[in-house]
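Spelled out, the chains give:
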Amino acid sequence: MSLLSIRDLSITIDDTPILKSVSFDIAEGEIVAVTGESGSGKSMTAMSVIQLLPKSARQTGEVVLDGEDMVTMPENALCDRRGQTVGMVFQEPMTALNPVQTIGAQVSETIRVHTGASLAEAKARAAEVLERVGLPADRFPLSRYPHELSGGQRQRVVIAMAIALRPKLLIADEPTTALDVTTQAQILDLLKDLVSDFGMGLLMITHDLAVVADMADRIVVMRHGEIVEQGQTQALLRDMQHPYTKMLFEASRHQVDMPAPQDSAPLLELKDVVRDYDLPRRSLFAARESYRAVKGVSFKIDHGERVGLVGESGCGKSTLTKAILGLEPIQGGSIRLDGAPVDADHPGTRRQMQVVFQDPFGSFNPRHRVDRLITEPLHLLDTPPEGSERSDLVAQTLTAVGLSPDDARKYPHQFSGGQRQRIAIARALIIRPQLILFDEAVSALDVSVRAQILDLLAHLCADYGLAYLFISHDLSVVRSVTDRVLIMRAGEIVEQGASQDVFANPQHPYTQSLIAAAPVLPDLTQETAHV
Amino acid sequence: MLRYTLKRLLSLIVSLLAASVVIFLLIEIAPGDPASFMLGVNARPDTLAALQAELGLDVPKWQRYLNWIGGMVTGDFGTSYQYRTPVAQMVADRLWVSLPLALFALVLSTVIALPAGIFAAARRGQAGDIAVMGATQLGVAIPNFWFAMMLVLVFAINLGWFSAGGFAGWDQGLFAGLKSLTLPAVALALPQAAILARVMRSALLDVLGEDFMRSARAKGLTERQALWRHGLRNALIPVLTILGLQFAFLIAGGIIIEQVFYLPGLGRLIFQSISARDLIVVESVVMLLVFAVIMVNFIVDLAYAAVDPRLRLRT
């Protein structure tokens, strides 16, 4: 008998169908990955197993966990099962822990609420569990607060909370999406070890197909609340039946045809750029100390060149981006665009650069229409176009990014995430800048949408001879859309070179560890050839 | 935590000094010489000079400031121009009314507001929530002097449970003192409680949507357990802010209610002293109020750190 058996589960919220007749099983010691794009219902599936659904949700079907149907179980019995029979790990470790309680209190709470153990017993058990997840008490005492830990360490605490009572099933909802690649690799290893040690079942929700292929015994692919395909990982990867599954995997490994770079005159030149942040005074009369976020960075981008900037969180890539845009002063070195310094005294250089940010929802004023949004940079021009000239420019730019000229009169909320990112690109493109900075510009997008946006970039490069700096933590994307790549760590560029060379033959140990940690999709075309 | 406390203490002292300078300058700018005001327009110049010397008005301004501050620190607030009695004594008498009144009102408002806010938040959108929110809307809207008069009408005149005004004095016993402060405290507490309840409710609702509340439920806590163990302490942070502001208001802002109930409090003292141009009393009482407000802020800062460990590191 399987540990978890979901049968014909359907959920509606306010008459909107969320899940449609979902059925799958998990056996003890098995890792099942549920994957799909946003809105596919994968997280709702996870929440239905622990029955923490929104109050307005209506469900039919069965969720049988360890022989008991969770759907019909009364609330107090459910509370009993949660944390004891089934544990859950969430996506965002920064917010999943209570900021005003120690990690010891939060882990031992799982134990106390179910077993009635004394405080001392629960604390001792919590210390053991934290040690098991890699937070030994001599270095991470129980009295630590969440804000004293890094993201990866916090996720370990969340995992400790979930496995403290050795549940039979662990649910992990995008457990590594918010983490850096090297941390992600460690957390995934930990989850795998726990599954084999405890014989737990693991229900893993993730959009990252490389992680899926690497971890899962079985894969469940969902779209629009339905399961389109499921099967053993190897078999499914080798022989995908459903066109959607094929499309997902193809989009994930999408290679972009970049046009060859044109000329090689330097466009952006950074020389020994230093950025210091003042730290708060430690006492009233002490001198201010400063933190050096960027430590003497030098590199060049040529006209029409596409350069990637890769590094983990906190390495200084955002700081560097702001410095290049002239949004923050630098304390040493120089930044020149086309020979002119980038600073507040030279607004002319600013118009040569535009930026596209990660969050397509947060970077627009929701009360402005598209034409007003994308024409914002025009004020940088000496003679901004007026009247029909202006509307022609709007239409032309919207067409260039794959939208319709009619979209100019719409508001941002009327577009999907991918379309909004197109609007952001249109806004950057409209004054024909020489350089665009893409700051994690495709990180929030679903794989299929991401593939389209990357293709759009390739088109724009061919049409406009665009140069860009593509900042991302996603190595495979950087590899496919850049000519050259810079690897940044702790405020320094540790390695740079042609993208193909750096990824194929990394020299610096840090680059090597980054590439080793990044999960890769197995090359199926070759595998099928062998079979 | 010690470092944090010391820093707060330092900022408290700096604020007090700054406030004292501002108060002193404002009173100096105000037209009218107390000595000539006391003696009237027909006073002889030598009498005037003598009185000025007696009041300590004949020395340079900076020296008067230092004398005043030095006196405040040692408990000598000077002598009232009008009554010729030590200001410290006058203030102390009034403080024994105003401070208990403010505390009484604060306790009342907290005791009413926090449970009401929690009750409403736990029943978001249901009848209980709507009823509590309706009541707080009313509480915010009703002017407290009108409410005070209604209280007098019902509980003092019609029912005769309380006296309509005046203060019995603490020498009549704790109960008698509290009894005469009850109606004023209720009148002061009502709008405060209404605001506080709304803050409590919305703070708690914000916290209920947080990820760590979901984590708590996933551990097996019931809704109620999650609310009490994880929700409340996080929700208290904005509530503390409002509570601090309210206490400051209750100490300084009781003037109208003191007037309605004929209470010999600080508010009335300051009102009368301004009318009589008894500037030394005004100066001292205002400084005292500033001191109280800054002290309350200091205590709220410490309470923040006690509730939220993240603040203990911050400078």
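An unreviewed UniProt entry lists chain B under the name ABC transporter permease, with Aliishimia ponticola given as the organism. In its Sequence similarities (unreviewed entry) section, the UniProt entry covering chain B states "Belongs to the binding-protein-dependent transport system permease family." What UniProt records for chain B under Subcellular location (unreviewed entry) is the sentence "Cell membrane".

Naming follows an unreviewed UniProt entry, where chain A appears as ABC transporter ATP-binding protein of Aliishimia ponticola. What UniProt states about chain A under its Sequence similarities (unreviewed entry) heading is, verbatim, "Belongs to the ABC transporter superfamily." According to UniProt, the comment filed for chain A under the heading Subcellular location (unreviewed entry) is "Cell inner membrane".

(A) Structural detail: the packing of helix H7 (residues 144-158) of chain B against helix H8 (residues 174-208) of chain B. All names here are of chain B. For the pair H7 and H8, the least separation of the axes is 9 Å and the interaxial angle reads 140°. In terms of axis orientation, H7 runs oblique to H8. At the point where H7 passes H8, the crossing takes the right-handed sense. Of the residues in H8, those touching H7 at Asn 144, Phe 147, Ala 148, Leu 151, Val 152, Phe 155 and Ala 156 are Leu 183, Val 186, Ala 187, Leu 188, Leu 190 and Pro 191. Considered class by class, the residues forming the contact of H7 with H8 number 12 nonpolar, 1 polar and no charged.

(B) Broad picture of empty space enclosed by the protein. Evaluation of the coordinates by the stated rule reveals 4 cavities of 30 Å³ or more. In this structure, the largest cavity occupies an estimated 60 Å³ of space. As for the largest cavity, its lining consists of Gly83(A), Gly87(A), Met88(A), Phe90(A), Val158(A), Met161(A), Ala162(A), Ser215(B), Ala218(B) and Lys219(B). Those elements giving two or more residues to the lining of the largest cavity turn out to be strand S6 (86-89) and helix H5 (151-163) of chain A together with helix H9 (211-219) of chain B. Lining the second largest cavity, in full, are Thr35(A), Gly36(A), Glu37(A), His207(A), Leu209(A), Leu248(A), Asp446(A) and Val447(A).

(C) Region of the structure containing the domain arrangement of chain A. Residues and elements named next belong to chain A. Along its sequence, chain A is organised into domain 1 (4-95 + 169-252) and domain 2 (266-517). Taken over C-alpha atoms, the centre of domain 1 sits 35 Å from the centre of domain 2. Residue-level contacts link 10 residues of domain 1 with 11 residues of domain 2. Among the residues domain 1 hides against domain 2, the three largest losses belong to Glu 37, Asp 180 and Val 181. Together they make up 45% of the total. Put simply, domain 1 and domain 2 have 0 salt bridges between them. The interface formed by domain 1 and domain 2 includes 5 residue pairs in polar contact (both at pLDDT 80 or more). Mapped by element, the contributors of at least two residues to the side of domain 1 that touches domain 2 are helix H6 (181-198) and helix H9 (243-252). If one sorts the elements of the side of domain 1 that touches domain 2 by residue count, H9 sits on top with 4 residues. Here the side of domain 1 that touches domain 2 is composed, by residue class, of 5 nonpolar, 3 polar and 2 charged.

(D) Representation of the UniProt feature "transmembrane region" (unreviewed entry) in chain B in the model. Residues and elements named next belong to chain B. Under the UniProt annotation, the feature "transmembrane region" (unreviewed entry) is placed at residues 101-122, 143-162, 174-197, 235-257 and 285-307. Between the end C-alpha atoms of residues 174-197 there is a gap of 29 Å, over a span that is 100% helix and 0% strand. The distance separating the terminal C-alpha atoms of residues 285-307 is 33 Å; by composition the span is 100% helix and 0% strand.

(E) Spotlight on the sheet that holds strand S3 (residues 31-35) of chain A. Residues and elements named next belong to chain A. Judged by pairing direction, the sheet is mixed, and its 6 strands sit side by side in the order S6-S7-S8-S3-S9-S10 without closing on themselves. Single-partner strands in this sheet number two, and they are S6 and strand S10 (226-232). With direction set aside, neighbouring strand axes in the sheet form an average angle of 15°. With 4 bridges connecting them, S3 and strand S8 (residues 201-205) associate as parallel partners. Bridge pairing in S8 places Ala 33 opposite Met 204. Here H5 sits on the sheet in contact with S6 and strand S7 (169-173), set at roughly 170° to S6.

(F) Highlighting the pattern of salt bridges. Residue and element names in this part refer to chain A. Within the structure shown, the criterion is met by 28 salt bridges over all chains. Between Glu 30 and Arg 218 there is a salt bridge whose closest N-O contact spans 2.8 Å. Note that Glu 30 is positioned in the loop between strand S2 (16-26) and S3 and Arg 218 in strand S9 (residues 218-223), a separation of 188 residues in sequence. On the accessibility criterion, Glu 30 (13% relative accessible area) is buried. Residue Lys 192 is joined to Asp 214 by a salt bridge in which the shortest nitrogen-to-oxygen separation is 3.9 Å. Of the two residues, Lys 192 sits in helix H6 while Asp 214 sits in helix H7 (residues 209-215), which places them 22 residues apart along the sequence. A single salt-bridge network, built from bridges that share partners, covers Glu 68, Asp 80 and Arg 81.

(G) Representation of the nonpolar core within the structure. Ranked by size, the top nonpolar core spans 87 residues in total, and within it Trp68(B), Leu204(B), Phe261(B) and Val285(B) carry the most contacts. A total of 16 residues in this core trace back to one element, the largest contributor, which is helix H13 (residues 279-307) of chain B. Within the second largest apolar cluster, 59 residues are counted, among which are Ile187(A), Leu194(A), Val212(A) and Leu521(A).

(H) Representation of the UniProt feature "domain: ABC transporter" (unreviewed entry) in chain A. Mapped onto this numbering, the UniProt entry gives "domain: ABC transporter" (unreviewed entry) at residues 4-249 and 274-515 of chain A. For residues 4-249 of chain A, the end-to-end C-alpha separation is 27 Å, with 38% helix and 26% strand making up the annotated structure.

(I) Inspection of the packing of aromatic side chains at higher detail. On inspection of all chains with the given rule, the structure shows 7 aromatic pairs over all chains. Aromatic side chains Phe155(B) and Trp161(B) sit 5.7 Å apart centroid to centroid with 45° between the ring planes, which places their arrangement in the tilted category. Judged by its relative accessible area of 26%, Phe155(B) is partly exposed. Taking the ring centre of Phe198(A) as reference, the NZ or CZ of Arg166(A) above it sits at 3.9 Å. When the ring centre of Tyr4(B) is taken as origin, the NZ or CZ atom of Arg8(B), which lies over that ring, is 5.6 Å away.

(J) Here's a closer look at the sheet that holds strand S13 (residues 306-310) of chain A. Residue and element names in this part refer to chain A. Pairing is mixed in the open sheet, where 6 strands are placed in the order S16-S17-S18-S13-S19-S20. Looking along the sheet, the strands with just one partner apiece sit at the ends: strand S16 (353-356) and strand S20 (492-498). Recorded for the sheet is a direction-independent mean angle of 20° between the axes of neighbouring strands. By the bridge criterion, 6 bridges tie strand S19 (residues 484-489) to S20 in an arrangement that is antiparallel. Along S20, the bridge assignment pairs Val 485 with Gly 497. Contacts from helix H14 (residues 417-429) reach S16 and strand S17 (435-439) within the one sheet, and its direction differs from that of S16 by about 170°.

(K) Focus on the interface of chain B and chain A. With 26 residues of chain B at the contact, the number on the chain A side is 32 residues. For the pair chain B and chain A, the two sides together bury roughly 2500 Å², of which 55% comes from carbon and sulfur. Looking at the side of chain B facing chain A, the largest losses of area belong to Arg214(B), Ala218(B) and Lys219(B), adding up to 25% of the total buried there. For the pair chain B and chain A, the interface holds 4 salt bridges. Glu109(A) is the salt-bridge partner of Arg229(B), the closest N and O atoms lying 3.3 Å from each other. At the surface where chain B touches chain A, the tally comes to 15 residue pairs in polar contact (both at pLDDT 80 or more).

(L) Quick look at the layout of surface pockets. In this structure, the second largest pocket spans a volume of roughly 1200 Å³. Contributing to the lining of the second largest pocket are 36 residues, with Leu53(A), Lys55(A), Leu208(B), Arg217(B) and Glu223(B) lying nearest its centre. Of all elements in the fold, only strand S4 (57-65) and helix H2 (75-81) of chain A together with helix H5 (87-122), H8, H9 and helix H10 (223-252) of chain B reach the threshold of two or more residues within the lining of the second largest pocket. With 5 residues, H10(B) is the largest single contributor of residues to the lining of the second largest pocket. Partitioning the lining of the second largest pocket into residue classes produces 19 nonpolar, 5 polar and 12 charged.

Calculation notes
- Residues numbered from 1 in each chain as written.
- Chains lettered and ligands numbered in written order.
- Predicted model: local features only at pLDDT ≥ 70, side-chain atom pairs only at ≥ 80, totals over all residues.
- Heavy atoms only, no water.
- UniProt positions renumbered as here; feature names shortened; annotations may be inferred.
- Axes fitted to C-alpha atoms, helices over the stretch in contact; angles between N-to-C directions.
- Helix = DSSP H or I, 4+ residues; strand = E, 2+ residues; numbered from the N terminus.
- Parallel < 35°, antiparallel > 145°, perpendicular 65-115°, else oblique.
- Left-handed = near helix turned anticlockwise from the far one by under 90°.
- Contact = heavy atoms within 4.5 Å.
- Nonpolar A, V, L, I, M, F, W, Y, C, P; charged D, E, K, R; others polar.
- 1 Å grid on protein atoms, 1.4 Å probe; cavity = no way out; pocket = protein on both sides within 12 Å on 5 of 7 lines; lining within 4 Å.
- Points joined across faces, edges and corners; volume = space filled by probe spheres on them.
- Domains from an automatic or database assignment.
- Buried area = accessible area lost by both parts, 1.4 Å probe.
- Salt bridge = Lys/Arg side-chain N within 4 Å of Asp/Glu carboxyl O.
- Polar contact = N/O pair within 3.5 Å; in protein donor to acceptor, adjacent residues only side chain to side chain.
- Pairing = 2+ DSSP bridges.
- Buried < 20%, exposed > 50% of the residue type's maximum accessible area, 1.4 Å probe, protein only.
- Core = buried A, V, L, I, M, F, W, Y, C linked by side-chain atoms within 4.5 Å.
- Phe/Tyr/Trp six-rings, centres within 6.5 Å; stacked < 30°, edge-to-face > 60°.
- Lys NZ or Arg CZ within 6 Å of the ring centre and 35° of its normal.

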